[in-house]
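Inside the fold
Below, each chain spelled out in residue letters.
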Amino acid sequence: MFITDDDYSVLVRREIKDILLENYSETKIRAAEQMAIHQVKNYLSGKYDVGKIFSKTGVERNSHIVMITLDCALYHLYTPFPRKMPEIRAQRYQDAIDWLKLAAKGENTADLPPITDDNGNNLVGIKISSKYTPENNRW
């Protein structure tokens with residue numbers, strides 16, 4: 001498993017976790033974690049090797065990705081109880097999504113393994129864009 005029970009102790013106090021999860025089964029916790037993992041994978045899959053990222057365990061994992069995944073999982077666990085959701089939880093989730101969007105666009109750096117071909121060469125996509133809208137100029 002990419003996420004362990006010990007990972008939660010860093011971001012949420014034990015008593016809050018117990019209150020939040022009092023009506024939850026282990027299946028629902030794991031489902032929230034899987035939703036979060038797939039959410040992160042969907043954002044990062046265009047630039048980074050998500051197979052390598054999420055196959056690591058223990059101290060080999062990227063701690064920033066663990067934190068973002070936990071923030072997403074905790075947000076998903078709070079979703080059925082929107083009135084109980086602390087403001088900090090909603091803010092951390094939004095921060096995680098904002099970072100993932102920037103990473104997906106290549107507008108920030110991440111210490112993550114890039115996508116490579118069979119020979120180990122980095123596959124770098126080129127995207128050409130402009131801040132100006134296209135115009136049909138007839139000269």
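The structure reproduced in this document is the subject of the present report. (Residues numbered from 1 in each chain as written. Predicted model: local features only at pLDDT ≥ 70, side-chain atom pairs only at ≥ 80, totals over all residues. Heavy atoms only, no water.)

Counting its regular elements, the protein contains six helices and zero strands. Tracing the protein from N to C terminus, the helices and strands come up as α-α-α-α-α-α. The long-range share in the protein, meaning contacts at least 24 apart out of those at least 6 apart in sequence, stands at 72%. Of the accessible surface of the protein, which amounts to about 9,700 Å², a share of 51% is contributed by carbon and sulfur atoms. (Helix = DSSP H or I, 4+ residues; strand = E, 2+ residues; numbered from the N terminus. Contact = heavy atoms within 4.5 Å. Areas by Shrake-Rupley, 256 points an atom, 1.4 Å probe, with all protein chains shown as cover.)

This part takes up the nonpolar core. With 29 residues, the main nonpolar core has Tyr8, Leu44, Phe54, Ile65 and Trp99 as its most contacted residues. Of all the secondary-structure elements, those providing two or more residues to this core are helix 3 (26–44), helix 4 (50–55), helix 5 (63–78) and helix 6 (87–105). The residues contacting phenylalanine 54, other than those within four sequence positions of it, are Phe2, Ile37, Val40, Lys41, Ile65 and Thr69. (Core = buried A, V, L, I, M, F, W, Y, C linked by side-chain atoms within 4.5 Å. Buried < 20%, exposed > 50% of the residue type's maximum accessible area, 1.4 Å probe, protein only.)

Applying the stated criterion to the full structure yields two aromatic pairs. Relative to tyrosine 93, the ring of tyrosine 75 lies with its centre 3.8 Å away and its plane at 5°, an arrangement referred to as stacked. Note that tyrosine 75 is positioned in helix 5 and tyrosine 93 in helix 6, a separation of 18 residues in sequence. Given a relative accessible area of 13%, tyrosine 93 falls into the buried group. Geometry around phenylalanine 2 places arginine 61 over its ring, the cationic atom sitting 5.8 Å from the centre. (Phe/Tyr/Trp six-rings, centres within 6.5 Å; stacked < 30°, edge-to-face > 60°. Lys NZ or Arg CZ within 6 Å of the ring centre and 35° of its normal.)

The next subject is the packing of helix 5 against helix 6. It is the contact of helix 5 with helix 6, at a shortest axis distance of 9 Å, that shows an interaxial angle of 130°. In terms of their interaxial angle, helix 5 and helix 6 are classed as oblique. Pair helix 5 / helix 6 crosses with left-handed handedness. Residues His64, Ile65, Met67, Ile68, Asp71, Cys72, Leu74, Tyr75, His76 and Tyr78 of helix 5 form the contact with helix 6, whose participating residues are Arg89, Ala90, Arg92, Tyr93, Ala96, Ile97, Trp99 and Leu100. Here the contact of helix 5 with helix 6 is composed, by residue class, of 13 nonpolar, two polar and three charged. (Axes fitted to C-alpha atoms, helices over the stretch in contact; angles between N-to-C directions. Parallel < 35°, antiparallel > 145°, perpendicular 65-115°, else oblique. Left-handed = near helix turned anticlockwise from the far one by under 90°. Nonpolar A, V, L, I, M, F, W, Y, C, P; charged D, E, K, R; others polar.)

Over its 16 residues, helix 5 extends 22 Å from the first C-alpha to the last, a length consistent with the 22 Å expected when each residue adds 1.5 Å. Listed as buried for helix 5 are Ile65, Val66, Ile68, Thr69, Leu70, Asp71, Cys72, Ala73, Leu74, His76, Leu77 and Tyr78. One side-chain oxygen at the N-terminal end of helix 5 lies 2.9 Å from the backbone nitrogen of histidine 64; it belongs to asparagine 62. (Expected span 1.5 Å × (residues − 1). Polar contact = N/O pair within 3.5 Å; in protein donor to acceptor, adjacent residues only side chain to side chain.)

In this section: the packing of helix 3 against helix 6. Taken N-terminus to C-terminus, the directions of helix 3 and helix 6 make an angle of 30°; their axes are 8 Å apart at the nearest point. Between helix 3 and helix 6, the angle is such that the two are roughly parallel. Where helix 3 abuts helix 6, its residues Gln39, Val40, Tyr43 and Leu44 lie against Tyr93, Ile97, Trp99, Leu100, Lys101, Ala103 and Ala104. The residue inventory of the contact of helix 3 with helix 6, partitioned by class, reads nine nonpolar, one polar and one charged.

Within the secondary structure, glutamine 39 is located in helix 3. Within the local environment of glutamine 39, its side chain forms a polar contact with the side chain of tyrosine 93, the two groups lying 2.8 Å apart.

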